[in-house]
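Okay, here's what each chain looks like letter by letter:
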Amino acid sequence: MTQSPKIKRSLSGIKSTGFPHLGNYLGMIQPAIDLQDDYEAFYFVADLHALTSVRDPKLMLESTHIITSYFLAFGLDVERAAFFRQSDIVDVPTLAWMLSCVTHMGMLERAHSYKAARDEGREKSINHGVFGYPVLMASDILIYDADVVPVGSDQIQHIEMTRDMAVRFNQAFGGEFLKLPEARVRENVATVPGIDGRKMSKSYGNEIQPLLPPKKLRKRIMSIETDSKTMEDPKDPDTCTVFALYSLFADAAELEAMRQNYLGGGYGYGHAKQALFEQMDAHFSPYREEFERLMAAPDHLEAVLARGAERVAPVVSDVMSRVRAATGLPTRR
Ligand code: TYM
């Protein structure tokens, strides 16, 4: 399957570090699935990236199946789209090395995650995988001649670095060998907040998992942090995490009604949380069963992943031939 000249390619990945959270789902999974109608879609489980932190082989395998089941349950059509494991594409680390050789340390030192670790004094204990993370990610993207990369806003810097690495490689070897991709960020879900109001992230422990059973989902929603206003007080919808999350599920009329409730007072955060729970439960309950059904069929999931890897192989082979020829490495494999 080589790329038809008319159809552009959408590419993205998600780490196998456990259950996806609402930020992953709204920021990447659903937008990526939606793009399958207009793009050739290549999506993968970033198990090599997960290795920067995961030390539990069972978790690695289980997470891969969880993420695959998510994509399938929410409607990725693997008749059209390819879904695969990053580590099945054995050329990815080779291209990453080639990119490493044109990437300055200074650029990697500016990466947000590395800078944060350094600012917190963790620089010495950080592993090389974390430092080199943006290079592996650039390889992930460039090896598929990707046009667009659906992501949340925290990945924009990585896509900019990817473009930078492609330009450096092309300049170093004198040709248009690598295609420059574009980040595709859905504005209203670019940074979904977690229960403490900061960006939803596993590392903050503030996540909400969309497919939790209703009781647990409700409990999690009830634990969203709010200010100490009493039920009678008027409230500010624009600084409230419950309202922010509600806005991602409610329609315009429902949202306006809640805004008026906030401004008018006599409406408690408990009411707002209950309304958010009802919206989320209605949105996600149709998918829970399908997710469970998929999780109970690991052989099917493995077959989907194997097929995905096969489907992307010709594209990888094209790109690798180009870059190997450009650098003077033998192209016969
Ligand atoms: P990961 O696994 O951390 O996150 C997967 C996707 O979820 C998005 N996301 C969010 N979006 C909105 N609000 C949030 N609170 C939120 N939290 C996470 C992320 O932006 C991401 O799109 N480095 C990537 C994995 C990766 C990749 C790639 C992505 C590896 N290679 C190549 C694109 C292309 C990552 O850590 O994703």
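Residues numbered from 1 in each chain as written. Predicted model: local features only at pLDDT ≥ 70, side-chain atom pairs only at ≥ 80, totals over all residues. Heavy atoms only, no water.

Notes on the domain arrangement of the protein
- Partitioning the protein into domains gives domain 1 (9-192 + 297-327) and domain 2 (211-291).
- The centre of domain 1, based on its C-alpha atoms, is set 33 Å off from the matching centre of domain 2.
- Counting residues at the interface gives 12 residues for domain 1 and 10 residues for domain 2.
- Regarding the contact of domain 1 and domain 2, the summed buried area is about 940 Å², with carbon and sulfur atoms giving 83% of it. (Domains from an automatic or database assignment. Contact = heavy atoms within 4.5 Å. Buried area = accessible area lost by both parts, 1.4 Å probe.)

Observations regarding the site of the ligand
- Surrounding the ligand, one finds 27 residues, the nearest of these being Tyr 133, Asp 140, Gly 152, Asp 154 and Val 192.
- Contacts to the ligand include Tyr 133, whose side-chain N or O atom sits 2.7 Å from an oxygen atom.
- At 2.7 Å, a side-chain N or O of Asp 140 approaches a nitrogen atom of the ligand.
- In isolation the ligand offers 710 Å² of accessible surface; the protein chains occlude 96% of this area.
- Put simply, the parts of the chain that give the shell around the ligand at least two residues each are β1 (9-15), α1 (22-34), β2 (40-46) and α7 (128-142).
- Residue classes in the shell around the ligand are distributed as 13 nonpolar, 10 polar and 4 charged. (Near = heavy atom within 4 Å. Polar contact = N/O pair within 3.5 Å; in protein donor to acceptor, adjacent residues only side chain to side chain. Areas by Shrake-Rupley, 256 points an atom, 1.4 Å probe, with all protein chains shown as cover. Helix = DSSP H or I, 4+ residues; strand = E, 2+ residues; numbered from the N terminus. Nonpolar A, V, L, I, M, F, W, Y, C, P; charged D, E, K, R; others polar.)

What to know about the side chain of Ser 12
- Inspection of the secondary structure assignment puts Ser 12 in strand β1.
- With a relative accessible area of 2%, Ser 12 lands in the buried category.
- What Ser 12 contacts, discounting residues up to four positions off in sequence, is Met 28, Phe 42, Tyr 43, Phe 44, Val 149, Pro 150 and Val 151. (Buried < 20%, exposed > 50% of the residue type's maximum accessible area, 1.4 Å probe, protein only.)

Here we look at the pattern of salt bridges
- Across all of its chains, the model carries 16 salt bridges by this definition.
- In this structure, Arg 80 engages Asp 37 in a salt bridge whose closest nitrogen and oxygen atoms are separated by 3.0 Å. Taken together, the residues span a long stretch of sequence, with Arg 80 in the loop between α3 (57-73) and β3 (82-85) and Asp 37 in the loop between α1 and β2 at a distance of 43 residues.
- We classify Arg 80 as partly exposed; its relative accessible area is 39%.
- One salt bridge connects Arg 85 with Glu 302, and the closest N-O pair in it is separated by 2.9 Å. Pair noted here: Arg 85 is in strand β3 and Glu 302 is in helix α13 (residues 298-327), with a separation of 217 residues, a long-range link.
- Among the residues examined, Arg 85 registers a relative accessible area of 12% and is labelled buried.
- If you follow the salt bridges from partner to partner, you end up with Asp 37, Asp 77 and Arg 80 in one network. (Salt bridge = Lys/Arg side-chain N within 4 Å of Asp/Glu carboxyl O.)

Some thoughts on the packing of helix α4 (residues 92-100) against α13
- Packing of α4 against α13 leaves a shortest axis separation of 11 Å and a crossing angle of 40°. Accordingly, the angle class assigned to the pair α4 and α13 is oblique. For the crossing formed where α4 meets α13, the hand is left-handed. Contacts from Thr 94, Leu 95 and Met 98 in α4 reach Met 320, Val 323, Arg 324 and Thr 327 in α13.
- Looking at the contact of α4 with α13, its residues break down into 4 nonpolar, 2 polar and 1 charged. (Axes fitted to C-alpha atoms, helices over the stretch in contact; angles between N-to-C directions. Parallel < 35°, antiparallel > 145°, perpendicular 65-115°, else oblique. Left-handed = near helix turned anticlockwise from the far one by under 90°.)

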